[in-house]
Amino acid sequence: MLRVGQAELERTLQHLRSELPREGVGLWAGRGGRVERVLPLPNVHETPQVAYTADPGALLRGIRGLEREGLELLAIYHSHPQGPASPSSSDRTQAYWRVPYVIFALESGEVRAYKLPEGEEVKLHVEP
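The structure reproduced in this document is the subject of the present report. From a predicted model like this one, the values you see are computed outputs, not experimental measurements.

Scoring rules and cut-offs
Residues numbered from 1 in each chain as written. Predicted model: local features only at pLDDT ≥ 70, side-chain atom pairs only at ≥ 80, totals over all residues. Heavy atoms only, no water. Helix = DSSP H or I, 4+ residues; strand = E, 2+ residues; numbered from the N terminus. Buried < 20%, exposed > 50% of the residue type's maximum accessible area, 1.4 Å probe, protein only. Contact = heavy atoms within 4.5 Å. Core = buried A, V, L, I, M, F, W, Y, C linked by side-chain atoms within 4.5 Å. Lys, Arg positive; Asp, Glu negative; His and termini not counted. Salt bridge = Lys/Arg side-chain N within 4 Å of Asp/Glu carboxyl O. Polar contact = N/O pair within 3.5 Å; in protein donor to acceptor, adjacent residues only side chain to side chain. Pairing = 2+ DSSP bridges. Expected span 1.5 Å × (residues − 1). Arc of directions from axis to C-beta.

Right, let's talk about the environment of Pro 100 for a bit. Counting through the fold element by element, Pro 100 comes out in the loop between α3 (89–93) and β5 (101–105). When its relative accessible area of 15% is taken as the criterion, Pro 100 is described as buried. Once the C-alpha coordinates of Pro 100 and Pro 117 are considered, the two residues, 17 residues apart in sequence, prove to be 9.9 Å apart. With residues up to four places along the chain from it excluded, the contact list for Pro 100 reads Leu 2, Leu 74, Ala 75, Ile 76, Tyr 114 and Val 122.

Generally speaking, a soluble globular protein has its nonpolar side chains buried in company with each other. Within the largest apolar cluster, 21 residues are counted, with the highest numbers of intra-cluster contacts made by Val 25, Leu 27, Leu 41, Ile 76 and Tyr 101. Elements supplying a minimum of two residues to this core: β2 (25–31), α2 (56–68), β4 (72–80) and β5. It is α2 that contributes the most residues to this core, 4 residues altogether. Apart from the residues lying within four places of it in its own chain, the contact partners of Ile 76 are Val 25, Gly 26, Leu 27, Tyr 52, Trp 97, Val 99, Pro 100, Tyr 101 and Val 102. Within the second largest apolar cluster, 16 residues are counted, among which are Val 4, Trp 28, Val 102 and Phe 104.

Looking now at unusual backbone geometry. Glycine aside, residues mostly have negative phi angles, and peptide bonds mostly take the trans form. Omega for the peptide link from Leu 20 to Pro 21 comes to 10°, which places this bond in the cis form. In this structure, Pro 21 sits in the loop between α1 (6–18) and β2.

What follows covers the side chain of Asp 91. Mapping Asp 91 onto the fold places it in helix α3. Put simply, Asp 91 is tucked away with no salt bridge, and the nearest opposite charge, on Arg 92, sits 7.8 Å away. Within the structure, Asp 91 has its side chain in polar contact with the backbone nitrogen of Ser 88 (distance 3.0 Å). Residue contacts for Asp 91: discarding those within four places in its chain leaves Tyr 52, His 78, His 80, Ser 86, Ile 103 and Leu 116.

Okay, the pairing of β2 next. Counting buried positions along β2 yields 6 of 7 residues, so the element is predominantly enclosed. Bridge count between β2 and strand β3 (residues 34–41): 7 bridges; the pairing is antiparallel. Opposite Gly 30, over in β3, you have Val 35 as the bridge partner. Taking the residues between adjacent antiparallel strands as the criterion, β2 and β3 are bridged by 2 residues, where Gly 32 takes a positive phi near 60°. In this sheet, β4 lies alongside β2 in antiparallel orientation, the contact comprising 6 bridges. What sits directly across from Gly 30, in β4, is Glu 72.

A few words on α2. The terminal C-alpha atoms of α2, which comprises 13 residues, lie 18 Å apart, in line with the 18 Å expected from a rise of 1.5 Å per residue. Buried within α2 are the following residues: Ala 58, Leu 59, Gly 62, Ile 63, Gly 65 and Leu 66. Buried residues of α2 fall within an arc of 160° about the axis and therefore sit on the same side. Turned more than 90 degrees off the buried face of α2, the exposed positions are Pro 56, Arg 61, Glu 67 and Arg 68. Elements in contact with the buried residues of α2: β2, β3 and β4. Structurally, the start of α2 carries an N-cap: the backbone nitrogen of Gly 57 is 3.2 Å from a side-chain oxygen of Asp 55. Just downstream of α2, Gly 70 is the residue with a positive phi angle, here 80°.

So far we have only geometry, and geometry alone does not tell us how the molecule works.
And the structure:
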């Protein structure tokens with residue numbers, strides 16, 4: 001289970017809305033399954049309106065920085081500007097990290113998390 005506070009959820013949504021019409025991507029980090037940090041990353045995919053690729057250098061620097069702060073990578077988040085909050089085929093094939101992938105469907109406002117590539121849903125609990 002992932003636990004995220006309302007403030008971190010709002011920070012994530014602000015980032016993803018600022019990326020429209022492109023897909024946004026970033027990291028959630030924290031301790032004990034509780035999100036404490038939202039780290040937006042640049043989407044460098046050649047067609048960012050329909051897919052994402054986190055900038056590899058920014059991703060590596062971000063993870064190293066989180067580790068220096070004693071935080072663990074809890075999830076990778078990204079948006080589907082016009083699609084559902086379910087994994088696309090490219091989301092599944094590009095799931096390299098063994099953390100939940102959180103998908104924000106920006107049109108509907110739905111947010112769901114998955115273990116990928118398996119597609120098993122992960123419970124996401126929003127806290128005050």
